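Secondary and tertiary structure notes
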Amino acid sequence: MDEAGEGFRTSLAVIAVLGILCLQVIAVCVWRLLTMAARGTVFSPASFRYVHIVIGAITAGSVLVLCVAVVARFANHAVEGDAVAPGMVGIISGLALVAAGVALLVYVMRTLLAQAVALDVQSRQLRSELDEVI
């Protein structure tokens, strides 16, 4: 990295800082969801806020991994004798796709959470109607 241009070093540093920020945001949201689960309130509309933030942070992380691949591609042969293997750029791009797949998986789990919340609301309504009948 010492011979690399200032732009490449700066780009990688910014990507690293933003990536760490994404990981911290995910950790805080998961902590809040675990707290809600311990209290028994995870099946409430309030949990969607944290799930949406997690999905956004994972998506942003996927884009950041793809940015690393782009920086590596343009850094290729920028310095005499320095070469980034094309396969390495492909592997990094594949990691970006895996991260995007994780975001899609969390979205599917969000849909399941929405169904559980709707079912919980419906069961509460049925219980109140049953209590009125009894």
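Predicted model, so just to flag it, every value in this text is computed and none were measured. (Residues numbered from 1 in each chain as written. Predicted model: local features only at pLDDT ≥ 70, side-chain atom pairs only at ≥ 80, totals over all residues. Heavy atoms only, no water.)

1. Focus: the side chain of Ser44
Within the secondary structure layout, Ser44 lies in the loop between helix H1 (6–39) and helix H2 (47–75). Here Ser44 falls in the buried class, since its relative accessible area comes to 18%. (Helix = DSSP H or I, 4+ residues; strand = E, 2+ residues; numbered from the N terminus. Buried < 20%, exposed > 50% of the residue type's maximum accessible area, 1.4 Å probe, protein only.)

2. Topic: the packing of H2 against helix H3 (residues 86–133)
The description of two helices packed together rests on the angle between their axes and the distance between the axes. Viewed as axis vectors pointing N to C, H2 and H3 meet at an angle of 170°, and their least axial separation amounts to 8 Å. Classified by the angle their axes make, H2 and H3 are roughly antiparallel. The residue makeup of the contact of H2 with H3, split by class, is 23 nonpolar, five polar and two charged. (Axes fitted to C-alpha atoms, helices over the stretch in contact; angles between N-to-C directions. Parallel < 35°, antiparallel > 145°, perpendicular 65-115°, else oblique. Nonpolar A, V, L, I, M, F, W, Y, C, P; charged D, E, K, R; others polar.)

3. Some details on the side chain of Ser47
Within the secondary structure, Ser47 is located in helix H2. Residue classification places Ser47 among the buried residues on the basis of a relative accessible area of 0%. Those residues in contact with Ser47 that sit more than four places away from it in its chain are Leu33, Met36, Val42 and Leu113. (Contact = heavy atoms within 4.5 Å.)

4. What to know about H1
Compared with an ideal rise of 1.5 Å per residue, which puts 34 residues at 50 Å, H1 spans 50 Å between its outermost C-alpha atoms and is within 8% of the ideal. Buried residues along H1 sit against H2. Looking at the residues trailing H1, positive phi occurs at Gly40, about 80°. (Expected span 1.5 Å × (residues − 1).)

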